[in-house]
Amino acid sequence: QQQVKQSPQSLIVQKGGISIINCAYENTAFDYFPWYQQFPGKGPALLIAIRPDVSEKKEGRFTISFNKSAKQFSLHIMDSQPGDSATYFCAASKGGGNKLTFGTGTQLKVEL
Amino acid sequence: GAGVSQSPSNKVTEKGKDVELRCDPISGHTALYWYRQRLGQGLEFLIYFQGNSAPDKSGLPSDRFSAERTGESVSTLTIQRTQQEDSAVYLCASSLGLRTYNEQFFGPGTRLTVL
C-alpha cells in the first residue's frame, strides 16, 4: 500500500524556470511533511518541511504548498539552477515524525 | 562535525550468505533509523531505535532481517540467508530524538548486491 504518491517520476526544467513536484497522501493522521534532496551516491538531506497548520512555507527559492482538504502538498523550486539537479523525495509521518513514509522520488534535471 | 557514517559502502554477496551492515550515528543522537532504497524506489522504513526503548521493528520485511544497537551508538543491520530481492541501498539515519519532528540526518548508505 503506497501511502504517499509522488509525481512526476522525472522532470526537465530550463535554468531559471520553476520546478514543481507533487505529492498526495492517504493517511489523515500524517502531521509532518518534509522534502528531501538526494544527490547521486549521497544520502537524502532535509530540504524543507511543513506542518498542516500552515498552507505554505518558503525558504529561499524553495516553497512547500499544502492543501489539507485535498491531502496534497507540493514543492516549488523557483529560479531553478543546474545545481538543483537531484532526486527529490516527499515524505510524511505522524505523531512526532519518527517513522517517515516516502514517495517514490522525482529525478530533476535543470538544463542550461 | 562528523555526520552519519556507514560501512561498507558496497557489499557484494552470494545468495544464501549472511551480511552485516554498520551504522555510526552522529554523536549525541539518541534516535537511529534504518531504511531500504530499492532501485528507482522511495525509501522504505525498516526499524527505529530510540534510547533504551524497545525498537520499532514494524518495517522489517521478514525474520531474516534483524538489527541491534548498543546504547546510543553503533547499530548493525543483519540480513541472514540473503536473497536477490534484498539487493538495495541500505540507509541509516539518526536524529536528536528528544522532541517531536526532529530532522533525520542520513548516511551515504551501503549498496548491497546479492548475486
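The following paragraphs examine the structure supplied in this document. Here the structure is a predicted model, which is why all the values come from computation and not from measurement.

1. Observations regarding the interface of chain B and chain A
Stage number 1. Taken residue by residue, the interface counts 20 residues in chain B and 19 residues in chain A.
Stage number 2. Taking both sides of the interface into account, the surface hidden between chain B and chain A amounts to around 1,600 Å²; carbon and sulfur atoms contribute 53%.
Stage number 3. The largest share of the area that chain B buries against chain A comes from Leu43(B), Tyr101(B) and Phe106(B), three residues that together contribute 37% of it.
Stage number 4. In this assembly, chain B and chain A are joined by one salt bridge.
Stage number 5. Between Lys99(A) and Asp56(B) there is a salt bridge whose closest N-O contact spans 3.4 Å.
Stage number 6. The tally of links between chain B and chain A comes to four residue pairs in polar contact (both at pLDDT 80 or more).
Stage number 7. At the level of elements, β4 (31–37) and β5 (43–50) of chain B are the ones that each hand at least two residues to the side of chain B that touches chain A.
Stage number 8. A class-by-class count of the residues in the side of chain B that touches chain A yields nine nonpolar, nine polar and two charged.

2. A closer look at the pairing of strand β4 (residues 33–38) of chain A
Residue and element names in this part refer to chain A.
Stage number 1. Within β4, six of the six residues are buried, which leaves the element mostly enclosed by the surrounding structure.
Stage number 2. Residues Phe-33, Trp-35 and Gln-37 line one face of β4 and the alternating positions Pro-34, Tyr-36 and Gln-38 line the opposite face, and both faces are buried.
Stage number 3. Direction of pairing for β4 relative to strand β5 (residues 45–50): antiparallel, over a ladder of five bridges. Counterpart to Pro-34 in the pairing with β5 is Ala-49.
Stage number 4. With antiparallel pairing between neighbouring strands as the criterion, β4 and β5 make up a hairpin whose turn holds six residues, including Gly-41 at a positive phi of roughly 80 degrees.

3. Remarks on the nonpolar core
Stage number 1. Core analysis: the largest hydrophobic core is formed by 24 residues, its most contacted members being Phe33(A), Trp35(A), Phe73(A), Leu75(A) and Tyr88(A).
Stage number 2. Elements with a minimum of two residues in this core: β2 (10–14), β3 (19–25), β4, β5, β7 (62–67), β8 (72–77), β9 (86–92) and β11 (106–111) of chain A.
Stage number 3. Counting residues per element, this core draws most heavily on β9(A), which supplies four residues.
Stage number 4. Here Leu75(A) is in contact with Ser19(A), Ile20(A), Ile21(A), Trp35(A), Leu47(A), Ile48(A), Phe62(A), Thr63(A) and Tyr88(A), once residues within four sequence places are set aside.
Stage number 5. The next biggest cluster of nonpolar side chains, apart from the first, holds 20 residues, and it includes Phe65(B), Ile79(B), Ala88(B) and Leu112(B).

Conventions used here
Residues numbered from 1 in each chain as written. Chains lettered and ligands numbered in written order. Predicted model: local features only at pLDDT ≥ 70, side-chain atom pairs only at ≥ 80, totals over all residues. Heavy atoms only, no water. Contact = heavy atoms within 4.5 Å. Buried area = accessible area lost by both parts, 1.4 Å probe. Salt bridge = Lys/Arg side-chain N within 4 Å of Asp/Glu carboxyl O. Polar contact = N/O pair within 3.5 Å; in protein donor to acceptor, adjacent residues only side chain to side chain. Helix = DSSP H or I, 4+ residues; strand = E, 2+ residues; numbered from the N terminus. Nonpolar A, V, L, I, M, F, W, Y, C, P; charged D, E, K, R; others polar. Buried < 20%, exposed > 50% of the residue type's maximum accessible area, 1.4 Å probe, protein only. Pairing = 2+ DSSP bridges. Core = buried A, V, L, I, M, F, W, Y, C linked by side-chain atoms within 4.5 Å.

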